[in-house]
Amino acid sequence: MLDLPGAASLIDFVFTIDYEIFGNGTGALGELVYEPAKRLKDLFQKHKAKFVVFVEVAEFEKIEAYGTDSAIDSVKKQIREFYIDDFEIALHLHPQWVNARYERGQWQLDLNEYNLCVLPKARISQIVDASLSYLRGVVGQPAFTPLSFRAGNWLFQPTKTAASVLAEKGIKIDSSVFKGGLQRKNNLDYRRSLKNGYYWRFSDDVNEPDENGPWLEVPIHSEMVAPWRMATSKRMAYNNQYGATSQSTSDRLIRGLDFLRLRYPLKLDFCRMTLHEMISMMDKIIQEERKDPKVYRPIISIGHTKDLADFETVDSFLSFLKANRIEAVTFNNAFPKLLAQVAN
Ligand SMILES: [Zn+2]
């Protein structure tokens, strides 16, 4: 068991943000990435807190190569400044961008490469190498290797090959899993991880703890809730804005099956949840800690720059964390504690 003298709380909170435009290639960098990230950084600096920036590298490389958005230079500068100011730069990959072409004013993404994990090992390696080398150029550090990874659309299955490639490159933490997750269309099934703890070592299957595995999974926090809980007015606004309008009928039917469940995983999403929802999720964890105070509890939340609109909620939530002596840290900060406890 971990015993940290003087530690205020054994709950740490990790804000992670997916730093990207829309998954179909639409949207402007200034509005969907640069501006919201700038406001979020200002807010966190006011609170002396940090977050993890999951930079979707493949799209920036293409946008720069094709010169489709003049804000790319500001975005690259912003990533470098995040790095200098000790916000964590992490790797996020939507591989459908790697072969993308810009034609007649639109991005044509390669959906055959939607899931990194089903590609041949040599191709995975090529994609990861290219992404890391671009990211190193952006942060201006040839030796930089991100500590953490998040797969596009949370797809880190089948895990074995992609995980072995990423581990060889030096990445140590994955945060793609949300417990209870199910997307039949993409063969994503994280239901088996519901029995796992707050984090675990793994090797061949991200769902299965393996104490000798080279990787740590630190999942996005989620709670299994009744379906009606998913439909707050705040989340419905996002679904209507960016929703399923472009999906085929069969895709909608398959996705409909995913929703025909008695319980559904509600991710701790600091852009889409109300303040009340986030506080009540945290209150449960604080209650658990009172019963069993020796367990280290890293709580991972997710947000997207393209969803960031309600800064007031994030501001109030940061104050709530402070009042409860819970620090907002990065994976880098949490890493020694994670290693200390899984070693026991
Ligand atoms: Zn993404």
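Above: the structure in question.
Just so we're clear, the structure is a prediction, and the values are computed from it rather than from any experiment.

Quick look at the overall build of the protein now. Each helix and strand counted, the protein has 10 helices and 15 strands in total. Looking at the 344 residues of the protein, the share that counts as buried comes to 54%. When contacts within the protein are restricted to residue pairs at least 6 apart in sequence, those whose partners lie at least 24 apart make up 77%. Here the protein has roughly 15500 Å² of accessible surface; of this, 51% comes from carbon and sulfur atoms.

Look at any regular strand and the pattern is simple: side chains alternate between the two faces of the sheet. Neither face of strand S6 (residues 148–151) is open: one carries Ser148 and Arg150, the other Phe149 and Ala151, and all of them are buried. The sheet contact formed by S6 and strand S7 (residues 173–174) spans two bridges and is parallel. Looking at S7, one finds that Ser148 is bridged to Ile173. The parallel pair S6 and S7, bridged by helix H5 (residues 160–168), forms a crossover whose chirality is right-handed.

On the protein side, the zinc ion has Glu20 (OE), Glu20 (OE), His92 (NE2) and His94 (NE2) as donor atoms, found 2.1 to 2.5 Å from it. Taken together, the four donor atoms coordinating the zinc ion span angles of 56 to 127 degrees at the metal, a pattern that classifies the geometry as irregular. His92 sits in the buried class, given a relative accessible area of 1%.

Attention now goes to the packing of helix H1 (residues 29–46) against helix H3 (residues 72–84). Between H1 and H3, the shortest axis-to-axis distance is 10 Å and the interhelical angle comes to 25 degrees. Viewed along their axes, H1 and H3 adopt a mutual orientation that is roughly parallel. The chirality of how H1 crosses H3 is left-handed. On H3, the residues touching Leu29, Val33, Tyr34, Ala37, Lys38 and Lys41 of H1 are Ile72, Ser74, Val75, Gln78, Glu81 and Phe82.

A word on the pattern of salt bridges. A side chain of one charge can pair with a side chain of the opposite charge if their charged atoms are brought near each other. By the definition in use, this model includes 18 salt bridges. We note a salt bridge from Glu168 to Lys121, for which the minimum N-O separation is 3.6 Å. Within this pair, whereas Glu168 is found in helix H5, its partner Lys121 is found in helix H4 (residues 121–139), the two being separated by 47 residues in sequence. Overall, Glu168 belongs to the exposed group, its relative accessible area being 56%. Under the relative-accessibility criterion, Lys121 is labelled partly exposed at 42%. Put simply, Glu208 and Arg192 hold a salt bridge, and the shortest N to O gap is 2.8 Å. Within this pair, whereas Glu208 is found in the loop between strand S10 (200–202) and strand S11 (215–217), its partner Arg192 is found in the loop between strand S9 (188–189) and S10, the two being separated by 16 residues in sequence. Classification of Arg192 by relative accessible area gives partly exposed; the value is 44%. The network of salt bridges with common partners includes Arg192, Lys195, Asp205 and Glu208.

Attention shifts here to the packing of aromatic side chains. In this description, a pair of aromatic rings is defined by centroid distance and the angle of the planes. Applying the stated criterion across every chain yields a total of 23 aromatic pairs. Considering the side-chain rings of Phe15 and Phe317, the 6.1 Å spacing of their centres and the 75 degrees angle between planes classify their relative orientation as edge-to-face. With Phe15 in strand S1 (residues 11–19) and Phe317 in helix H9 (residues 311–323), the pair connects residues that are 302 residues apart, well separated along the chain. Accessibility assignment for this pair places Phe15 and Phe317 in one class, buried. Among the aromatic residues, those joined into a cluster by ring pairs are Phe13, Phe15, Tyr19, Phe44, Phe51, Phe60, Phe82, Phe87, Phe270, Phe317 and Phe320. When the ring centre of Trp154 is taken as reference, the NZ or CZ atom of Lys267 above it lies at 3.9 Å.

Before going further, it helps to examine the nonpolar core. Ranked by size, the top nonpolar core spans 108 residues in total, and within it Phe15, Tyr19, Phe60, Phe149, Phe156 and Met282 carry the most contacts. When residues of this core are assigned to their parent elements, the largest contribution, eight residues, is made by H4. Among all residues touching Phe149, those that are not within four sequence positions of it are Phe54, Leu91, Leu93, Leu116, Phe156, Leu166, Ile171, Ile173, Asp174, Ser175, Ser176 and Trp215.

Next up on the list: the environment of Gly67. One can find Gly67 in the loop between helix H2 (57–66) and H3. Exposure remark for Gly67: the relative accessible area of 58% places this residue in the exposed category. Distance in space between the C-alpha atoms of Gly67 and Tyr102 is 9.8 Å, their sequence separation being 35 residues.

Attention now moves to the side chain of Asn186. Secondary-structure assignment places Asn186 in the loop between strand S8 (182–183) and S9. You can call Asn186 buried: its relative accessible area is 18%. The residues contacting Asn186, other than those within four sequence positions of it, are Tyr114, Asn115, Asn153 and Leu155.

The rules behind each value
- Residues numbered from 1 in each chain as written.
- Predicted model: local features only at pLDDT ≥ 70, side-chain atom pairs only at ≥ 80, totals over all residues.
- Heavy atoms only, no water.
- Helix = DSSP H or I, 4+ residues; strand = E, 2+ residues; numbered from the N terminus.
- Buried < 20%, exposed > 50% of the residue type's maximum accessible area, 1.4 Å probe, protein only.
- Contact = heavy atoms within 4.5 Å.
- Areas by Shrake-Rupley, 256 points an atom, 1.4 Å probe, with all protein chains shown as cover.
- Pairing = 2+ DSSP bridges.
- Right-handed = clockwise from strand over helix to strand, strands pointing away.
- Donors = N, O, S within 2.8 Å, 3.2 Å for Na, K, Ca; no water.
- Tetrahedral: all angles 85-135°; square planar, octahedral: opposite > 155°, others 65-115°.
- Axes fitted to C-alpha atoms, helices over the stretch in contact; angles between N-to-C directions.
- Parallel < 35°, antiparallel > 145°, perpendicular 65-115°, else oblique.
- Left-handed = near helix turned anticlockwise from the far one by under 90°.
- Salt bridge = Lys/Arg side-chain N within 4 Å of Asp/Glu carboxyl O.
- Phe/Tyr/Trp six-rings, centres within 6.5 Å; stacked < 30°, edge-to-face > 60°.
- Lys NZ or Arg CZ within 6 Å of the ring centre and 35° of its normal.
- Core = buried A, V, L, I, M, F, W, Y, C linked by side-chain atoms within 4.5 Å.

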